[in-house]
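Inside the fold
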Amino acid sequence: MTKFNPELMRGSLDLMVLSVLASGRKYGYLLQQDLREASRGLVDVQAGTLYPLLHRLESDKLIRCKWDDSTGRRRKWYELTEAGRKRLSAQAREWHEYAECLHNMLVPVMEANPRPA
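Below is a short write-up of the structure. In this text the structure is predicted, and so the values were computed from the model without any measurement.

As for the sheet that holds strand β3 (residues 75-80)
By way of backbone hydrogen bonds, the strands of a sheet pair with one another, either parallel or antiparallel. Taken together, the three strands give an open sheet; going across it, the order is β1-β3-β2, and neighbouring strands pair in antiparallel fashion. The sheet is open, and its two edges are formed by β1 (26-27) and β2 (63-68), each paired on a single side. Here six bridges tie β2 to β3, and the two strands are oriented antiparallel to one another. Bridge pairing in β3 links C65 to Y78.

Here it is, written out as structure tokens:
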């Protein structure tokens with residue numbers, strides 16, 4: 001499998017990050033690893049993309065951050081807010097409907113042009 005085209009991910013990266021944070025608070029590098037793992041290696045978000053996104057989500061009050069050094073290293077931990085949980089839930093439903101619509105439109109194309117073996 002190849003990694004997803006960044007253009008395909010552009011509209012859903014917020015949703016991916018909120019989704020990974022739904023399982024609990026994480027610091028940046030751990031969030032990158034969990035995104036990669038949850039996507040089976042198809043999503044590899046670079047720090048230059050991730051950190052500005054996290055700052056924007058924090059500005060929008062969808063996540064909050066807190067510095068902590070209890071692990072022996074000072075790290076900035078991110079977690080969902082209640083507003084973030086609500087946004088995640090609403091966007092997950094909306095994205096699912098969108099993906100289903102797109103799937104239905106593309107099935108005839110995929111059936112007409114199957115992948116080479």
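Now that the structure has been shown, the text picks up again.
A short note on the pairing of β3
With two bridges connecting them, β1 and β3 associate as antiparallel partners. Following the sheet pairing, K26 is matched in β3 by Y78. Between the antiparallel neighbours β2 and β3 lie six residues, among them G72 with a positive phi of about 95°.

Concerning helix α3 (residues 28-38)
Within α3, the full set of buried residues consists of G28, L31, Q32 and L35. Along the axis of α3, the buried positions cluster into a sector of 100°, meaning they face one direction only. Contacts made by the buried residues of α3 are with α2 (13-21), β1, α4 (47-59) and β3. R40, located one to two residues past α3, shows a positive phi value of around 55°.

Considering the packing of aromatic side chains
Two descriptors summarise a pair of aromatic rings, namely the distance from one centre to the other and the angle between the planes of the rings. All chains considered together, the criterion is met by one aromatic pair. Ring plane angle 80° and centroid distance 5.0 Å describe the contact between Y27 and W77, whose orientation is recorded as edge-to-face. Of the two residues, Y27 sits in strand β1 while W77 sits in strand β3, which places them 50 residues apart along the sequence. Pair check on accessibility: Y27 and W77 agree, each one buried. The aromatic ring of W77 is capped on one face by R25, whose charged end is 4.3 Å from the ring centroid.

As for the nonpolar core
One finds V17, L18, L21, L31, L54, L57 and I63 to be the most contacted residues of the largest nonpolar core, which totals 20 residues. Secondary structure elements with two or more residues in this core: α2, α3, α4 and β3. In terms of residues, this core owes the most to one element, α2, which gives six residues. Ignoring sequence-local partners within four residues, the contact set of L21 consists of K26, L31, I63, Y78 and L80.

How each quantity is defined
- For every chain, the first residue of the written sequence is number 1, and numbering continues from 1 along that sequence.
- Totals for whole chains, interfaces and linings use every residue, but because this is a predicted model, local features are given only for residues with pLDDT of at least 70 and side-chain atom pairs only at 80 or more, for both listing and counting.
- Excluding hydrogens and water, the side-chain figures rest on all heavy atoms present in the structure.
- Here a strand pair is declared whenever DSSP counts at least two bridges between the two strands.
- Helix and strand assignments come from DSSP, with helices taken as H or I runs of at least 4 residues and strands as E runs of at least 2, each series counted from the N terminus.
- Exposure classes here rest on a 1.4 Å probe applied to the protein chains alone. A residue is buried below 20% of its type maximum, exposed above 50%, and partly exposed in between.
- As used here, the arc belongs to the directions running from the helix axis to the C-beta atoms.
- Residue contacts are defined here by distance: any two heavy atoms, one from each residue, within 4.5 Å place the two residues in contact.
- Here is the rule: rings of Phe, Tyr and Trp (six-membered ring for Trp) pair when centre to centre is within 6.5 Å. Planes less than 30 degrees apart are stacked, more than 60 are edge-to-face, and the remainder are tilted.
- By definition here, charges over rings are those cases where NZ of Lys or CZ of Arg is within 6 Å of the ring centre and within 35 degrees of the ring normal.
- Within this scheme, the nonpolar core is defined by two criteria: the residues are buried Ala, Val, Leu, Ile, Met, Phe, Trp, Tyr or Cys, and they are joined through side-chain atoms within 4.5 Å.

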